[in-house]
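This is what each chain is made of:
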Amino acid sequence: MTKQVTKMLLSGNEAFARGVLEAGVDVAAAYPGTPSTEIMETIAHFGKDTGMHAEWSINEKIAFEVALGASWSGLRSFTAAKHVGLNVAADPFFTAALFGGMKGGFVMVIADDPSFHSSQNEQDTRMYALAAHAICMEPSTPQEALDMVKYAYEFSEKWESMVVIRSTTRLSHSRGPVTIGEIPKKETHKGEFIKNPAKFVCLPGNARRTKPLLLAKMDEIQEYSNKSQWNVVEKGKDPLLVITSGVSYLYVKDAVQEMGIDPTIYKIGISNPMPEGKIIELLKEHPECLIAEEVEPYFELQVKALVAENGINVKIYGRKEKVIPISNELNPLILKEALSKVLKKKFEAVGEGLPTQAEINEQLPNRPPELCAGCPHRSTFYAIKKAARKRQIKPIMPGDIGCYTLGFMAPLNAVDTTVAMGA
Ligand code: SF4
């Protein structure tokens with residue numbers, strides 16, 4: 001990452017990291033977890049010459065609080081976590097969203113994991129943002145990942161609010177060409193915390209006074225969102241409207257191109273607050289609307305509420321209509337099938353005539369995940385089992401999140417429950 005290079009092939013996570021460095025961030029703190037880990041690794045590696053503070057914290061809550069303290073002290077700060085990591089940081093997350101006061105921009109990237117590639121659930125971070133009244137943005141490509149992070153710092157400082165950027169596994173781990181900028185040189189990374197108990201002490205009285213201010217601010221941001229450059233209308237000739245965001249947008253583009261159709265596509269970059277005014281305007285112009293999003297029906301439920309409230313004559317298709325599958329990530333084939341159902345036309349399936357996944361699986365050796373050969377957890381499990389044998393007992397062995405969950409597999413069979421990190 002040098003000054004002379006202007007274009008690089010970056011993963012989404014590397015692009016997020018590059019955005020953090022180009023934004024001149026002072027403090028970055030995170031806790032690892034797939035699919036978000038490489039963001040902090042890249043920041044730490046390339047940020048060491050910038051004088052910024054970068055750390056792995058002992059969990060996501062501490063990482064969040066380190067970044068929050070820096071932001072309240074006027075420093076640009078960053079944190080990253082996987083989606084379930086936000087559960088660990090949920091307590092300060094809700095309070096920080098309510099109290100705001102971000103003097104230095106505070107941006108967090110939360111990487112969701114649709115299809116459970118390496119996670120115990122596929123919870124949707126946008127639902128958190130909605131519940132906490134937090135700004136949430138969704139990039140579709142590595143280029144947008146970089147650009148959106150830089151923009152999010154200005155956005156955060158303008159509104160004195162934290163900005164959540166929602167990634168997903170496919171964006172975090174796929175690569176694309178990214179035009180990069182310069183990493184600024186900074187004289188100082190020193191902040192100053194100016195005492196203001198009414199703003200920073202979350203007593204009920206302060207919270208009660210702050211909530212209406214937050215709601216009014218979110219209304220203002222929503223007005224702004226209706227015209228934002230991140231919410232883009234791609235006008236088509238067909239009567240169908242497709243509302244989408246994140247990597248789902250790319251699947252929609254692939255599907256409509258292969259099918260030779262031309263719907264209007266509304267690509268939403270600011271998911272919360274949703275650009276309601278623009279959506280209402282588009283719904284009034286179209287008789288049918290497909291909502292393509294991963295994972296929860298986040299837009300779908302809100303759009304249906306808008307349709308009912310405003311008496312708009314439009315048919316909405318999404319997960320509730322079983323046009324989009326109710327779980328797992330999307331792909332161009334799923335979108336092609338969904339569009340076929342909505343348009344009531346048969347289109348040739350992508351990959352017709354190619355071997356099915358089941359046929360491919362038959363040819364492949366089975367490679368279940370396992371602990372590395374020299375993993376120290378193996379000897380721990382072995383010692384526990386040996387002690388149990390010696391005492392002739394059958395202990396219940398609660399496990400934990402991480403590689404050691406694999407201790408549940410034969411021949412160790414040494415994990416009976418796994419719920420969450422630390423449980
Ligand atoms: S904890 Fe064990 S299984 Fe996981 S990476 Fe380390 S050595 Fe491998």
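Residues numbered from 1 in each chain as written. Predicted model: local features only at pLDDT ≥ 70, side-chain atom pairs only at ≥ 80, totals over all residues. Heavy atoms only, no water.

Q: Outline the site of the ligand, listing residues and values.
A: Lining the immediate environment of the ligand, one finds L371, C372, C375, H377 and C403. Of the residues that constitute the shell around the ligand, the class distribution is four nonpolar, one polar and no charged. (Near = heavy atom within 4 Å. Nonpolar A, V, L, I, M, F, W, Y, C, P; charged D, E, K, R; others polar.)

Q: If you had to explain the domain arrangement of the protein to someone new, which residues and values would you point to?
A: Assigned domains within the protein: domain 1 (7-225), domain 2 (232-343) and domain 3 (371-423). Distance from the C-alpha centre of domain 1 to the C-alpha centre of domain 3: 35 Å. Counting each side, the surface lost to burial between domain 1 and domain 3 is near 240 Å², with a carbon and sulfur contribution of 70%. Linking domain 1 with domain 3 are zero residue pairs in polar contact (both at pLDDT 80 or more), by the criterion used here. (Domains from an automatic or database assignment. Buried area = accessible area lost by both parts, 1.4 Å probe. Polar contact = N/O pair within 3.5 Å; in protein donor to acceptor, adjacent residues only side chain to side chain.)

Q: Requested: an account of the packing of aromatic side chains, with residues and values cited.
A: According to the stated counting rule, one finds 11 aromatic pairs in the structure shown. Measuring from ring centre to ring centre gives 4.5 Å for W72 and F200, while their planes differ by 45°; the resulting arrangement is tilted. In this pair, W72 is assigned in helix α3 (residues 60-72) and F200 in helix α9 (residues 197-200), connecting sequence segments 128 residues apart. Of the two residues, W72 and F200, neither departs from the other in class, the shared state being buried. For the pair Y298 and F299, a centre-to-centre distance of 5.2 Å together with 65° between the ring planes defines the contact as edge-to-face. Put simply, the rings of F64, F93, F94, F106 and Y128 touch in pairs and so form one group of aromatic residues. When the ring centre of W159 is taken as origin, the NZ or CZ atom of K158, which lies over that ring, is 4.9 Å away. A cation over a ring is seen here: K315 above Y317, with NZ or CZ 5.4 Å from the ring centre. (Phe/Tyr/Trp six-rings, centres within 6.5 Å; stacked < 30°, edge-to-face > 60°. Helix = DSSP H or I, 4+ residues; strand = E, 2+ residues; numbered from the N terminus. Buried < 20%, exposed > 50% of the residue type's maximum accessible area, 1.4 Å probe, protein only. Lys NZ or Arg CZ within 6 Å of the ring centre and 35° of its normal.)

Q: I'd like to hear about the side chain of Q123, residue by residue, with values.
A: Looking at where Q123 falls in the secondary structure, it is placed in the loop between β5 (106-112) and α6 (125-132). You can call Q123 buried: its relative accessible area is 19%. Side-chain polar atoms of Q123 contact the side chain of N87, separated by 2.9 Å. Residues within four places of Q123 in sequence aside, it is in contact with H83, V84, N87, D112 and Y128. (Contact = heavy atoms within 4.5 Å.)

Q: Can you lay out the sheet that holds strand β9 (residues 232-234) for me, pointing to particular residues and giving the numbers?
A: Strand order in the open sheet formed by five strands is β9-β11-β10-β13-β14, with mixed pairing between adjacent strands. Two strands bound the open sheet, and with one partner strand each, they are β9 and β14 (315-317). Neighbouring strand axes in the sheet, compared pairwise and without regard to direction, differ in orientation by 20° on average. Strand direction decides the pairing type here: strand β13 (residues 288-292) and β14, joined by three bridges, are parallel. Bridge assignment links C289 to a residue of β14, and that residue is I316. Its contacts with the sheet put helix α11 (residues 246-259) on β9, β10 (240-244), β11 (264-267) and β13, and the angle it makes with β11 is roughly 165°. (Pairing = 2+ DSSP bridges. Axes fitted to C-alpha atoms, helices over the stretch in contact; angles between N-to-C directions.)

Q: Run through unusual backbone geometry, naming residues and quoting values.
A: The linkage connecting E294 with the following residue, V295, adopts the cis geometry, with an omega of 0°. Structurally, V295 is set in the loop between β13 and α13 (298-310). Look at E160: it is not a glycine, yet its phi comes out positive at around 50°. Secondary-structure assignment places E160 in the loop between α7 (142-159) and β7 (163-168).

Q: Give a description of the sheet that holds strand β12 (residues 270-272) that names residues and reports values.
A: Across the sheet, which stays open at both edges, the seven strands sit in the order β3-β2-β4-β5-β7-β6-β12 with mixed pairing between neighbours. Each edge of the open sheet is held by one strand with a lone partner, namely β3 (53-56) and β12. Ignoring which end each strand starts from, the neighbouring axes of this sheet average 20° apart. With six bridges joining them, β5 and β7 adopt parallel strand pairing.

Q: Tell me about the state of the cysteines, and please be specific about residues and values.
A: Summed over the entire model, instances satisfying the criterion amount to zero disulfides. The thiol of C289 is unpaired, and the distance to the nearest cysteine sulfur, on C136, comes to 19 Å. Overall, the relative accessible area of 0% leaves C289 in the buried class. (Disulfide = S-S within 2.5 Å.)

Q: Outline the pattern of salt bridges, listing residues and values.
A: Pairs can form between side chains of opposite charge whenever their charged atoms are close. Throughout the structure, instances matching the rule amount to 22 salt bridges. Here K103 and E160 are joined by a salt bridge, their closest N and O atoms 2.9 Å apart. A residue pair is termed long-range when its members are at least 10 positions apart, and K103 in the loop between α5 (90-99) and β5 and E160 in the loop between α7 and β7 qualify at 57 residues. Taking relative accessible area as the criterion, K103 reaches 48% and is therefore assigned partly exposed. For D112, the salt bridge identified is with R166, shortest N-O distance 2.7 Å. Linking D112 in strand β5 with R166 in strand β7, this pair joins segments that are 54 residues apart in sequence. Overlapping salt bridges, with partners in common, bring together D112, D124, R126, E138, R166 and E293 in one network. (Salt bridge = Lys/Arg side-chain N within 4 Å of Asp/Glu carboxyl O.)

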